[in-house]
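Structural features, examined
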Amino acid sequence: MSAGSSAAVLVVVGAGPRATGLLERIGANASELWDGESELRIHLIDPHPPGPGRIWRDEQSALLRMNSMAEDVTMFTDESSTIDGPVRPGPSLAEWAAQFSGRGPRHAPHAEPADPEVLAELRSLAGTDFPTRRAQSAYLDWVFRRALTQLPPTVTVEWHRTTATAVTGPPDGPQYVHLADRATPLTADLVVLAQGHIGSTPAAEHRDHAAFARRHGRFHLPPEFSADADLSALQPGEHVVLRGFGLAFIDLMALLTEGRGGTYRTEADGSLTYLPSGREPVLHVGSRRGVPYHSKTRYRLQGPRPPLPRHFGPDAVDALLAEGRPLDLRRDVWPLMAKEIGFGHYHELFHAHPERTALPWPDFIAAYDRLDWYADAMADLVAAAVPDPADRLDFEALDHPLDGLAFPAPDAFQEHLRDRIAGDVARREDPEFSADLGAFLALLSIYGQLPRLMAGGRLTARSVAEQLDGWWHGFFSFLASGPPGFRLRQLLALSRAGVVRFLGAGIRIGTDETTGTFTAAGPTLPGHTLHATALIEAYLPRHSLDRTEDPLLRDLHRAGALTEEVIADPTHTHRSGLLAVSAADGHVLDPSLGGTHPRRIALGAPTNSRAVAAFARPRTNAPAFRQNDAVARALLCALSSQFPKGEMATSTM
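Quick look at the structure, then. It should be emphasised that the depicted structure is a prediction, and the values quoted were computed from it without experimental measurement. (Residues numbered from 1 in each chain as written. Predicted model: local features only at pLDDT ≥ 70, side-chain atom pairs only at ≥ 80, totals over all residues. Heavy atoms only, no water.)

Turning our eyes to something else, we now look at the overall build of the chain. When helices and strands are counted, the chain shows 17 helices and 21 strands. Judged by the C-alpha coordinates and their principal axes, the chain covers about 80 × 65 × 65 Å. Buried residues in the chain amount to 57% of all 653 residues. Within the chain, counting contacts between residues at least 6 apart in sequence, those at least 24 apart form 75% of the total. Surface exposure of the chain reaches about 25800 Å², of which carbon and sulfur atoms provide 52%. Measuring between centres, the 63 positive side-chain charges of the chain sit 2 Å from its 78 negative side-chain charges. (Helix = DSSP H or I, 4+ residues; strand = E, 2+ residues; numbered from the N terminus. Buried < 20%, exposed > 50% of the residue type's maximum accessible area, 1.4 Å probe, protein only. Contact = heavy atoms within 4.5 Å. Areas by Shrake-Rupley, 256 points an atom, 1.4 Å probe, with all protein chains shown as cover. Lys, Arg positive; Asp, Glu negative; His and termini not counted. Charge placed at Lys NZ, Arg CZ, Asp CG, Glu CD.)

In structure tokens, the structure reads:
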């Protein structure tokens, strides 16, 4: 458009799933909030393809998989969504994939993925399969293309395949978004930052380990996104310590075994045997808990869906905040969270497996509702109503599975942990234990309430640091965000083959200048210290504004135009590393203005909204979908009425 035009202009930095979800909500709300005659130009800035973005791009190893079943992945609102805008249902990944085998209807705009391997996967994909990330990439690409088709004719979208390096401009005037590949910035009325998961430069401990590795010619990998990790320097047979036993470890395990030519043979009893290529290093893995994340369930609920929330919903959160006192998460909040998880668990147990209970459900829930989670009477109720301890919830045992255990020799611990992993996989794939899925759904419900709790500002700084961002995040991931069962069966095969060795809980990493090796030791194997020539930090980089790799955030942070979330009280100061935004509307907190910036909004992973996941399980009233809808409506209202025509950005395109 020529200079001097009065089109409204929105620039969105990032074009991955979060930006795509926002675009879908703009289209859904436009018929109500956009006049249909005015022009709105939306510019998406991302060097990676729109829809998948960086993390879910097609160009990554086919070995990397999602940890959700295909039927549990959606980008669309549904009847559970509590939003002001219209609900526009759409297919889950599984429902979308079914069109390519003729098992489901076509979804416009219909196009087969160009990659024959991805197309073959989609044609055979079942709802209970765990898809490759490349299959999810194809789904996200389609969601983006569908979102484009549902915009009104006066709303147009242009993708710029480059990086945004800076945003300048006064709070009461146009914003200028500077791009890496052009001298002239884009001019915008509003800017949304939706970069998603962003890398960080190594912290001090990792820099020290990198320096040690350079001095001695060793290998060190700081926290990194698995698809981006360069593992080529690791030699066959080299002893490698991996600190972290979550999903990043599982990805690295696959890349360093199957990715180097190893294969698995299925035996008559269903177990796997690993057939090495001879190119694998030896992987020694340990972590705080010393065990892998719990396997994802591969069954559906056997009873009716638990009506959540019940004990930790908006009313419960509001009641906590209304007490007007500092809150400690473990003391004041966790008992309600635990009771909510227990409700989901026992609701499924009593409805789907009544033969394993000793009380009628109405009698049990009447007593359960009255009692505190940690009351002796609650323990007595559960013991009387649920005879088998295997059907009861014990969070402390789940949280510390190796506490108090010490093994005289490494081989004894290997056998112990293999037995534990095998039992976990069997339980998570046996619908007789579907109560675990009820607990999982309650965990998701709780996750959706925490932004409301944080926005209330009552949690103490130490509680946010140590309990919310620390313990709770790790515990939630440990229980609810583990790998598919087949990955843990592969882990068992690798352990039996000697390619993976378990180090146990509470591992301490050190360096030995004399031998030039990294060391690992911990209480599970007292008196045993491992020496290795490589160290991998097997977890994702934490968000850190001080060390962010994103040039735009780095520039704004150095200019004092945005700030890290800092929570302080008389006893503690917590610097989360997250970008501080307004809880109400996502506007960036700008210290130079003494408040929020009226023309800059930030969404998703780098922000302290803590509503990270851009896609969700169907019928869970996903926090990100609620936020996308609220922000889309606010953007449309602001762009259509806040700025008089004379103040609208002048297009430079």
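Here we come to the nonpolar core. Core analysis: the biggest nonpolar cluster contains 93 residues, and Y346, W472 and I536 have the highest contact counts within it. Per element, the largest residue contribution to this core is eleven residues, and it comes from helix α13 (residues 435-455). In contact with Y346, not counting residues within four places along its chain, are W361, F364, Y368, W373, V382, V386, D391, R392 and L393. Core analysis: the second largest hydrophobic core is formed by 29 residues, V12, A19, L22 and A30 among them. (Core = buried A, V, L, I, M, F, W, Y, C linked by side-chain atoms within 4.5 Å.)

Our focus in this paragraph is the side chain of D391. By the element assignment, D391 lies in the loop between α10 (376-385) and α11 (395-399). In this structure D391 comes out as buried when scored by relative accessible area, which is 3%. Those residues within four positions of D391 in sequence are excluded, and the remaining contacts are H345, Y346, L349, R356, V386 and F433.

Glancing now at helix α4 (residues 133-149). It helps to recall that an α-helix has 3.6 residues per turn; residues three or four apart then point in one direction. End to end, α4 covers 25 Å across 17 residues, agreeing with the expected 24 Å (1.5 Å per residue, within 8%). In terms of burial, α4 is a largely internal element, 13 of the 17 residues being buried. (Expected span 1.5 Å × (residues − 1).)

Empty space among the atoms becomes apparent when a probe as large as a water molecule is rolled across them. Taken as a whole, the second largest pocket spans an internal volume of roughly 910 Å³. Lining the second largest pocket are 39 residues, and of these P451, R452, A455, A583 and S609 sit closest to its centre. Listing elements by their share of the lining of the second largest pocket, those giving two or more residues are α13, α14 (461-480), β18 (564-569) and α17 (623-642). Taken together, the residues of the lining of the second largest pocket sort by class into 22 nonpolar, eleven polar and six charged. (1 Å grid on protein atoms, 1.4 Å probe; cavity = no way out; pocket = protein on both sides within 12 Å on 5 of 7 lines; lining within 4 Å. Points joined across faces, edges and corners; volume = space filled by probe spheres on them. Nonpolar A, V, L, I, M, F, W, Y, C, P; charged D, E, K, R; others polar.)

Where strands meet in a sheet, backbone hydrogen bonds hold them as pairs that are either parallel or antiparallel. Strand order in this open sheet of three strands is β14-β15-β16, and the pairing throughout is antiparallel. Because the sheet does not close on itself, it has two edges, and the strands there are β14 (508-512) and β16 (530-532). On average, adjacent strands in this sheet sit at an angle of 30° to one another, irrespective of strand direction. In this sheet, strand β15 (residues 517-521) lies alongside β14 in antiparallel orientation, the contact comprising five bridges. Bridge pairing in β15 links T511 to F518. (Pairing = 2+ DSSP bridges. Axes fitted to C-alpha atoms, helices over the stretch in contact; angles between N-to-C directions.)

Once that is clear, we can look at the packing of helix α7 (residues 314-322) against α13. One can describe the packing of α7 onto α13 by two numbers: an axis separation of 10 Å at closest approach and a directional angle of 25°. One way to sum up the angle between α7 and α13 is to call them roughly parallel. Both α7 and α13 take part in a crossing whose hand is right-handed. Across from P314, V317, D318 and L321 in α7, the residues of α13 making contact are Q449, R452 and L453. A class-by-class count of the residues in the contact of α7 with α13 yields four nonpolar, one polar and two charged. (Parallel < 35°, antiparallel > 145°, perpendicular 65-115°, else oblique. Left-handed = near helix turned anticlockwise from the far one by under 90°.)

Right, let's get into the side chain of S445. Structurally, the position occupied by S445 is in helix α13. In contact with S445, not counting residues within four places along its chain, are L308, P309 and E340.

Let us look at unusual backbone geometry. Residue P109 follows A108 across a cis peptide bond; omega there is -5°. Structurally, P109 is set in the loop between α2 (93-97) and α3 (116-124). Here the amide bond leading from L308 into P309 is cis, since omega sits at -5°, within 30 degrees of zero. Within the secondary structure layout, P309 lies in the loop between β12 (282-287) and α7. Unusually for a residue other than glycine, R619 sits at a positive phi of about 60°. As for its placement among the helices and strands, R619 is situated in the loop between β21 (595-602) and α17. Here N621, not a glycine, exhibits a phi torsion of approximately 50°, which is positive. Along the chain, N621 turns up in the loop between β21 and α17. A relative accessible area of 17% places N621 in the buried class.

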